[in-house]
Amino acid sequence: MEMPGSSPPDSALTPAAAPPRRDVAAEPPASRRWPGWASDRAFVATFALLTVAAIVPIWRVRFLPLLDLPNHLAAVHIWHHFDEPWTRYRDFYELSLRPAPYGAYHILTHLLGHAVDLEDANRIVLSGYVLGIPAAALGWAHRTRRSPWLSLLTFPLAFSLSWACGFLPFLVGVALLLAGVVALDAYLERPSPGRAAAVALLSVGCGLSHPLILFGYYVCVAALMLCYLPRWSRIAVALPLFAPAVALIAWQLVAFKSPMVDLRSGPRFQGAWVPWHEMLRSFPEYTLNSVSGELDTRLFWVLLAVTSLLSLWSLARRFGLLLPARDAAPPASSPLGRLHHHRSLVLCAAMVACYFLVPLHLARPFDWWFVSGRFSPLICFFGFLAIPAPLRGRSRLLMAPAAAVALVLPLHLSEKYASFDGRLEPFARMVARIPPGAEVLFVSLPPRTDEALIIEGTNHFSSWVQVMRGGFSADGWHNVGFPFKLKRRLPAPPSNRGEWFKPDVHGVAYDYVILRNERPERPVFTAAHTSFRRIEREGAFTLYERTR
């Protein structure tokens, strides 16, 4: 039985429906040859349910435990509230608003902050990232004539290790990259002014999001253009669309001297690679591991099992093992025709190359941790959407395990996040009782981990204090150069070395100090530190006030 809204891929076409000669230019546009997914009510209902579930972790808690999130949000807060006296930002910073890498997240959040609270603006941007992945998958399935049901496989990909680390500019760039690939594919098929503008804007967006995103996007652009050979004129017309992004890159390299770039001496490039078998072994964790426990990684194997089953089923149909030969796909007429039809696999292969060939960590020209591992969700994205299974009628039940994974994972994350957020209630109350205008230092002592997380989730909470009370954060992104530059700083230990805190060196520069995990039998402030008094201890947090 076939549902009227199902959308067969190329492999489901009969020989009579295929052109006698494989000519990409002669094919009708995808919008005409692929029935709309909106008529499949089961798919629409499932997609809508998973859309709501996917953003529950973002909106359920206040303190979302993504490692770098407080620093990025604080950077936007400095920009957004720079002229407000209560923040005292002018004492420590000056604005630097030249277009720069990492800027896309900050710009979007700042603009939305004019309409809603800045913390809600952050949630909206993160929701856009999470939902941007399945939305791009739906568009790419449309472009490549795959079943829209395959887009359900991509919902969990938002919650990768990069998500846990809070790489917000990179994450926003992932959504822009995928949208850019869909837009470029649409333009190469049928150019129009609107599609040209979309390609140009999205490429600039990639350039403003993260340098690694721009690199990955251009790798995808090269791979996708290869799939449209021999349409040389169409490719040539598309190349000028990237001129604005290239000009932005050139300006950033020449005029924007970010403190993050270290070229003062020594080699210009230093990276650390790990053996390919280690990268292969780590692939599930890089793709789907963001909280404690093994459930999220086990769910990855469920997704892999579903895609393997769909691939085997598609191959069986291809060779007429499950259906009569007349329902099997006709062979492609040329190598270039097959390349175009399987361009999802080409893009998947390009991302695999980035995963294995790019260093896992960089020391120069950028000090980046976890570089090549960030490509793992992109490998899965294009790999999942390469399957030509039509998924009509009862065959859609094959997607039930994937839909269950996409539903269970965000609800599981939200429970973990809620338990973490509950343990932070004393912290929020302590910050709320601190008077405006006071300088506050937050110090996280060992053990810095949390039972719900795989990362040290409170390392950067000095920036949460800054968002709530203004002033200086000793842990902000002072070396990026956008949207602010540092004028003056206060002494503080590194965020991941709270045990180096010295009351007589660091504490004396602040009015209040909040300690996490101070042991009552080994207080940080002893009887010798008469200028500090403890005013509250609750849960894992202790609040000290410096007396005058």
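Provided above is the structure to which this section pertains.
Residues numbered from 1 in each chain as written. Predicted model: local features only at pLDDT ≥ 70, side-chain atom pairs only at ≥ 80, totals over all residues. Heavy atoms only, no water.

**Q** So what's going on with the overall build of the protein? Which residues, and what values?
**A** Counting its secondary structure elements, the protein contains 20 helices and eight strands. The burial tally for the protein puts 57% of its 548 residues in the buried class. Once local pairs closer than 6 in sequence are excluded, the contacts in the protein between residues at least 24 apart make up 80%. For the protein, the computed accessible surface area is about 22,700 Å², with 64% contributed by carbon and sulfur atoms. (Helix = DSSP H or I, 4+ residues; strand = E, 2+ residues; numbered from the N terminus. Buried < 20%, exposed > 50% of the residue type's maximum accessible area, 1.4 Å probe, protein only. Contact = heavy atoms within 4.5 Å. Areas by Shrake-Rupley, 256 points an atom, 1.4 Å probe, with all protein chains shown as cover.)

**Q** Describe the environment of Thr547, listing the residues and the values that go with them.
**A** Note that Thr547 resides in the segment after β8 (541-546). The class of Thr547 is partly exposed, set by a relative accessible area of 30%. Sequence separation between Thr547 and Tyr512 is 35 residues, and the spatial gap between their C-alpha atoms is 9.3 Å. Those residues within four positions of Thr547 in sequence are excluded, and the remaining contacts are Thr530, Ser531, Phe532 and Arg533.

**Q** Account for the pattern of salt bridges, naming residues and giving values.
**A** Opposite charge on two side chains lets them pair, provided their charged atoms get close. Counted according to the given criterion, the structure contains 22 salt bridges. Close ionic contact of Arg429 with Glu538 constitutes a salt bridge, the shortest N to O distance being 2.4 Å. Here Arg429 is found in helix α19 (residues 425-433), whereas its partner Glu538 is found in strand β7 (residues 532-538), with 109 residues between them in sequence. Look at Arg429 and you get partly exposed, because its relative accessible area is 40%. Residue Glu538 is classed as partly exposed on the basis of its relative accessible area, which comes to 29%. For the salt bridge of Glu545 with Arg533, the shortest nitrogen-to-oxygen distance reads 2.7 Å. (Salt bridge = Lys/Arg side-chain N within 4 Å of Asp/Glu carboxyl O.)

**Q** Go over the packing of aromatic side chains, please, and point to the residues and values.
**A** Applying the stated criterion to the full structure yields 36 aromatic pairs. Pairing Tyr286 with Tyr355 gives two aromatic rings, centres 6.4 Å apart and planes at 65°, and the pair type is edge-to-face. One end of the pair, Tyr286, is in helix α13 (residues 276-287); the other, Tyr355, is in helix α16 (residues 343-357), with 69 residues separating them in the sequence. When sorted by exposure, Tyr286 lands in the same class as Tyr355, which is buried. Each residue in the set Phe283, Tyr286, Phe300, Trp301, Tyr355, Phe356, Trp369 and Phe370 is aromatic and connected to the rest through ring pairs, giving one cluster. Here Arg343 stacks its cationic end above the ring of Trp140, 5.7 Å away from the centre of that ring. (Phe/Tyr/Trp six-rings, centres within 6.5 Å; stacked < 30°, edge-to-face > 60°. Lys NZ or Arg CZ within 6 Å of the ring centre and 35° of its normal.)

**Q** Please set out the nonpolar core residue by residue, giving values where relevant.
**A** If you look at the biggest cluster of nonpolar residues, it comprises 141 residues, and the most contacted ones within it are Trp163, Phe382, Phe427 and Ile514. The element that contributes the greatest number of residues to this core is helix α8 (residues 168-189), accounting for 14 residues. With near-sequence residues (within four places) excluded, Phe427 lies in contact with Phe63, Phe442, Phe461, Trp464, Val465, Met468, Ile514 and Phe541. Among the nonpolar cores identified, the runner-up in size contains 20 residues, and Leu445, Leu490, Tyr510 and Tyr544 belong to it. (Core = buried A, V, L, I, M, F, W, Y, C linked by side-chain atoms within 4.5 Å.)

**Q** Explain the state of the cysteines to me, using residue names and the numbers behind them.
**A** Across all of its chains, the model carries zero disulfides by this definition. Sulfur of Cys220: no disulfide; nearest cysteine sulfur belongs to Cys354 and is 7.4 Å away. (Disulfide = S-S within 2.5 Å.)

**Q** Quick rundown of α16? Include the residues and the values.
**A** Taking 1.5 Å as the rise per residue, α16 with 15 residues should run 21 Å; its terminal C-alpha atoms sit 21 Å apart, in good agreement. Each element contacted by the buried residues of α16 is listed here: α6 (118-144), α8, α10 (211-227), α13, α15 (335-341) and α17 (376-384). (Expected span 1.5 Å × (residues − 1).)

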